[in-house]
Amino acid sequence: MEYIKSERSYIIRLDRGEEVLEAVSALCERESIKAGFVTGLGAANDIEIGIFDTQKKEYYKQSYRGDFEISALVGNISRQEGKPYLHFHITIGNPKEGKFAAGHLSRCVISATAEIYLTEVDADVDREFSEEIGLNLIKF
């Protein structure tokens, strides 16, 4: 991962073999980012996407292997128990094979490169687990 910082924004380049959530989390630790949002695109070949089952209160996950374009990576950054908490969603596709998917991002290994813009927000945003919902919700 390489990046540059401008005021409260970061332009990040991930390289082949890097995992998106691990890399962005490490950057948040290194730069003491407490809250922000991201947008990005790129190419990946090992992706795990989920959808939350509101009745069972658990994620259903699907893995995707092969060549995929990341057409949209969006998400937010907060903290839970003092550590970075990343909530990212992704849309991927392989038009050649007619495969497309979207959902909550659990894993994404870059196959060529990824370009991610991260904007830091001047706020302390924490999360707390909700027994009722079954998710870690933003705590006000």
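What you are looking at is a predicted structure, and each value in this text was computed from that prediction instead of being measured. (Residues numbered from 1 in each chain as written. Predicted model: local features only at pLDDT ≥ 70, side-chain atom pairs only at ≥ 80, totals over all residues. Heavy atoms only, no water.)

It is worth spelling out the nonpolar core at this point. In terms of nonpolar packing, the biggest core is built from 29 residues, with Val20, Val24, Ile77, Phe88, Leu105, Cys108 and Leu118 touching the most fellow members. Counting residues per element, this core draws most heavily on strand E6 (residues 99-120), which supplies seven residues. Ignoring sequence-local partners within four residues, the contact set of Leu105 consists of Val20, Leu21, Ile47, Glu48, Leu73, Phe88, His89 and Ile90. (Core = buried A, V, L, I, M, F, W, Y, C linked by side-chain atoms within 4.5 Å. Buried < 20%, exposed > 50% of the residue type's maximum accessible area, 1.4 Å probe, protein only. Helix = DSSP H or I, 4+ residues; strand = E, 2+ residues; numbered from the N terminus. Contact = heavy atoms within 4.5 Å.)

This part covers unusual backbone geometry. Peptide bonds are, in most cases, trans, and in most cases residues other than glycine have a negative phi. Phi at Ser32 takes a positive value of approximately 55 degrees, unusual for a residue other than glycine. Turning to its location among the elements, Ser32 is positioned in the loop between helix H1 (20-31) and strand E3 (36-53). With phi around 60 degrees, Lys57 is a residue other than glycine that occupies positive phi space. Here Lys57 shows up in the loop between E3 and strand E4 (58-80). Owing to a relative accessible area of 38%, Lys57 belongs among the partly exposed residues under this scheme.

Across five bridges, the pairing between strand E7 (residues 126-130) and strand E8 (residues 135-139) is antiparallel. Across the sheet, Glu128 pairs through a bridge with Leu137, a residue of E8. Turn length for the E7-E8 hairpin, with the two strands adjacent in sequence and antiparallel, is four residues, and the turn residue Gly134 shows positive phi of about 95 degrees. (Pairing = 2+ DSSP bridges.)

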